[in-house]
Every structure is written in structure tokens, then in C-alpha cells.
Amino acid sequence: MCSSANHRGSHRRLLARVGRGAVVPARVDAVVVPSMRPGVTLRTAVGLAAAHRCPVVMLHSGPASVYPAHALAVRAGVEFVGIGKPAVRLAAPQLECDELLQGTVFARTDDLSAKRNLGLLLAMLAGWRRIAFLDDDIDVLVPDDLGRAAALTRRYPVVGLGLAGFPDNSVVCHANRAVGGFQEMFIGGGALVVDVQRCDSPMPNVYNDDWMFMLTTVQSAGAAVTGQAFQAWYDPYADAERARSQEFGDCLAEGLFALLDDGRALADADLDYWRDFLTARQAFIGTVIDRIGGVGRSPHERHKMRRALDAAAERCRDVTPELCRDYLAAWQVDRDKWRSLVPDYRRTTGESRLDEALAELGITRYARRAQATTWS
């Protein structure tokens, strides 16, 4: 994903970079994988769970099937729970900021944020403190990298793995890199270890839901990055709708993290701020579009890039300062509700209570299980 007030930095002031030799690995309590791609086996997630002697939770929908991952977990002797889409709809909280977008061009049908929210609730009820969110197209080659991130949660509530392989950026930022613009990445939910007892926000249904989740935590306690994960390749320009659907969340998250990067408060995100930021965002996209002709790619590839960037620019013009202000206000209400919910859900017994957690959420019948056989 993109980062910084200028849409291209890495929010260095907000992110501590910790080398592998600087921390002793700890254990994660669970690996949580939202999935909707066909044919996934969760080989990386199951391998990490085996190394950390912890469960794998697969939250699946769409064409994703639970059976390959379940079979792999059984062969590896790893505790596994696969939870289908009906449970996600049933247990995930309803958010006012999501309701605000319903019936508008900004509404999203994606269920990634709902899966991640369910993962957080399940963790709190099960008594898990440190969970690793891992996307199903991410590889982690060194299990101890996850352990180092877990150890760092004693200081930072959220710790990401540094991403190598294909960059994890929005379409606009992919294009910025392609035309020669300076482009880095911040941490994200694709490879993120979370201390669930110290994070006080849900994930709203927008692009950059993970940034909104981390926003106040990063503001108060900072964040860290360590180790390495590898993002699989995909074509960011294959469907212009990807860029269009990302644009509101990109505007929102970039604008808010720009405030933090400048040492300012979220209260400074008033109408004047959003007016200036959106003007700068539109100019940024326009500059990238103007430079596409100089990209050393085929005419077909340049056409796809331009089509995607035109879609982002069109959607950016739909974003108003009033919408950004109102969305942030709704998100603050959702955050307050989440914070009031957390004490009732939080379990601190020090032992896993997964069965009780599934029952309390009312989703036991939607869970496909495999018990661990490689550890007691």
C-alpha cells in the first residue's frame, strides 16, 4: 500500500525498523488467514503454525475452499479451524462508517475487513493475545521472523513484516513507481502481528482497512517492522475497477497518516485540511497519468495503466471534504463502541478456549475443525 503525505514515502517517523539480530523470537498464539482465492492450501500459514505450535484460522468466502487447507493441516498435525462466510456475516460487528457508504459509489462488497474483525473477536474470546494476520498470497520463509514480530508486540501493539517480492501498493502507487516516482511501503494486514489487548479499533470496509485499524495505535504507541515476507505477483492494472474501488480508502488513509507523520492530531482533519489534501491527491494522480507515455512498456500495458489511473482520478473527484469529515466522525463512534465491547470479550486465562469462543459467537456449526497432533 502507499504511504505518506506525498503519496510516496514510508512514514519513517511512525515506524521503527528492527533487525533480526535485535530481538529474541516469541510465540504467536494463532495464525489468522482471510481467504477468497480459489485453490489456496495455506501452505505458508500451516507451516508457520507448526513452527509456533499454534492454531490456524481460515476465514473463507467466495471461490476459496476450506478442504485443501484442512487436509494439509491434518497431515501436518496442526490445529485448524475453517470458518465460512455465513459465520462472518453473523458474527462481525455492524459499523456506522460502513453504513455511511451504503447506497453510494463508495460502497464495497468486499468482506476482508469483516473477516479480520471476526479474527480479532475470536482471538479475544479464545484467550489469544498475539495473533498473526497473514494473507493467502504471502510467503514467510523464516518462521522466526514471525516470532520476532510477536516479541516486539511487548513494545509495539502492531508489528509488520517487511514485504519483498511484488510490492504491496495501491494501483495508483504501483503506477507512480512504474513512471519513475519514489515509492515505498508501510506495514499492512497482509503480514501483521497484533497484540489484541492493546488495539482498540475495528477494521472498516474500505481499502486500507488495516491502516484505519492501526491509526490510533500508531499515533499513541508507534509501530515496528522486522523480518521479511513475500507478496505474490498480480497485475494491478488488469481491472480498472480495482483502482476505482481503492481510491476513497487510499485518500482517507493517506490523508490521516499524513497528519500523524507531520506530528499533528486527528482533530486537525477538518474541512480545510481535506480540501487541500484532495486537491493535492488529484494533482498527484494527474502527474502520474501525464508520465505514463514515457514508461518502457508495451502500448497495451500503457493503455491498461492509463485506464486504471483514469478510473482512480474519476473516483477521486467524487470524494468530498465533507465525506471525509463525516466518515472519520462515524469511525470514531465505531471505535468507541468497539472499545466498550472489548472488555466483555477479552479473556486473559493464558489458555486457549477456542470451543467456547466459537460457541459464544454463535458460529460453531460453521467451523470445520482439525485437532493438533504434533503437540499437547
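These numbers come from a predicted model, not from an experiment.

Colleague: Residue-level account of the packing of helix α10 (residues 271-291) against helix α11 (residues 299-318), with values.
Modeller: Axis separation between α10 and α11 bottoms out at 10 Å; the angle between their running directions is 165°. Taken together, the axis directions place α10 and α11 in an arrangement best described as roughly antiparallel. Crossing hand, α10 versus α11: left-handed. Together, L278, R281, Q282, I285, V288 and I289 of α10 and R306, L309, D310, A312, A313, C316 and R317 of α11 make up the contact between the two elements. The residue makeup of the contact of α10 with α11, split by class, is eight nonpolar, one polar and four charged.

Colleague: Quick rundown of the packing of aromatic side chains? Include the residues and the values.
Modeller: Here the distance between the centres and the angle between the planes together describe a pair of aromatic rings. By the definition in use, this model includes 10 aromatic pairs. Between the aromatic rings of Y273 and W274, the centroid separation amounts to 5.5 Å while the plane-to-plane angle is 70°, which identifies the pairing as edge-to-face. When sorted by exposure, Y273 lands in the same class as W274, which is buried. Note on Y273 and F277: the rings are 6.2 Å apart at their centroids and 20° apart in plane angle, and the pair reads as stacked. Taken together, the positions of Y273 and F277, both in helix α10 and four residues apart, correspond to about one turn of that helix. The pair Y273 / F277 is uniform in exposure class, with both members buried. Taken together, the aromatic side chains of F106, F248 and Y327 make up a single cluster linked through ring pairs.

Colleague: Just give me the short version of the pairing of strand β4 (residues 80-83), but keep the residues and values in it.
Modeller: A two-sided burial pattern is seen for β4, the buried positions comprising F80 and G82 on one face and V81 and I83 on the other. As paired elements, strand β3 (residues 56-60) and β4 share four bridges and run parallel to each other. The residue of β4 that forms the bridge with M58 is G82. Handedness of the β-α-β unit built from β3, helix α2 (residues 67-76) and β4 comes out right-handed. Here four bridges tie β4 to strand β10 (residues 367-370), and the two strands are oriented antiparallel to one another. Within β10, the position partnered with I83 by the bridge is A367.

Colleague: Tell me about helix α9 (residues 240-261), and please be specific about residues and values.
Modeller: The end-to-end C-alpha distance of α9 is 30 Å, a good match for the 32 Å that 22 residues give at a rise of 1.5 Å each. Maximal helix bending in α9 amounts to about 40°, located at E247. With 18 of its 22 residues buried, α9 lies for the most part within the structure. Between the side-chain oxygen at the start of α9 and the backbone nitrogen of E241 there is a gap of 3.0 Å, and the oxygen is on D239. Among the residues trailing α9, G263 stands out with phi positive, at a value near 75°.

Colleague: So, the pattern of salt bridges: which residues are in play, and what are the values?
Modeller: The final tally for this structure, using the stated rule, is 24 salt bridges. In this structure, D145 and R148 form a salt bridge, with 3.0 Å as the shortest nitrogen-oxygen distance. With D145 and R148 both in helix α6 (residues 143-152) and three residues apart, this pair spans about one turn of that helix. Each member of the pair, D145 as well as R148, carries the same accessibility label: buried. A salt bridge links E247 to R281; the nearest nitrogen and oxygen atoms lie 2.8 Å apart. With E247 in helix α9 and R281 in helix α10, this pair connects stretches of sequence that are 34 residues apart. Exposure remark for E247: the relative accessible area of 1% places this residue in the buried category. Taken together, the shared-partner salt bridges in this structure form one network comprising R20, D145 and R148.

Rules used throughout
Residues numbered from 1 in each chain as written. Predicted model: local features only at pLDDT ≥ 70, side-chain atom pairs only at ≥ 80, totals over all residues. Heavy atoms only, no water. Axes fitted to C-alpha atoms, helices over the stretch in contact; angles between N-to-C directions. Helix = DSSP H or I, 4+ residues; strand = E, 2+ residues; numbered from the N terminus. Parallel < 35°, antiparallel > 145°, perpendicular 65-115°, else oblique. Left-handed = near helix turned anticlockwise from the far one by under 90°. Contact = heavy atoms within 4.5 Å. Nonpolar A, V, L, I, M, F, W, Y, C, P; charged D, E, K, R; others polar. Phe/Tyr/Trp six-rings, centres within 6.5 Å; stacked < 30°, edge-to-face > 60°. Buried < 20%, exposed > 50% of the residue type's maximum accessible area, 1.4 Å probe, protein only. Pairing = 2+ DSSP bridges. Right-handed = clockwise from strand over helix to strand, strands pointing away. Expected span 1.5 Å × (residues − 1). Bend = angle between axes of the 7 residues up to and from the residue. Polar contact = N/O pair within 3.5 Å; in protein donor to acceptor, adjacent residues only side chain to side chain. Salt bridge = Lys/Arg side-chain N within 4 Å of Asp/Glu carboxyl O.

What is shown is where atoms sit, not what they do.
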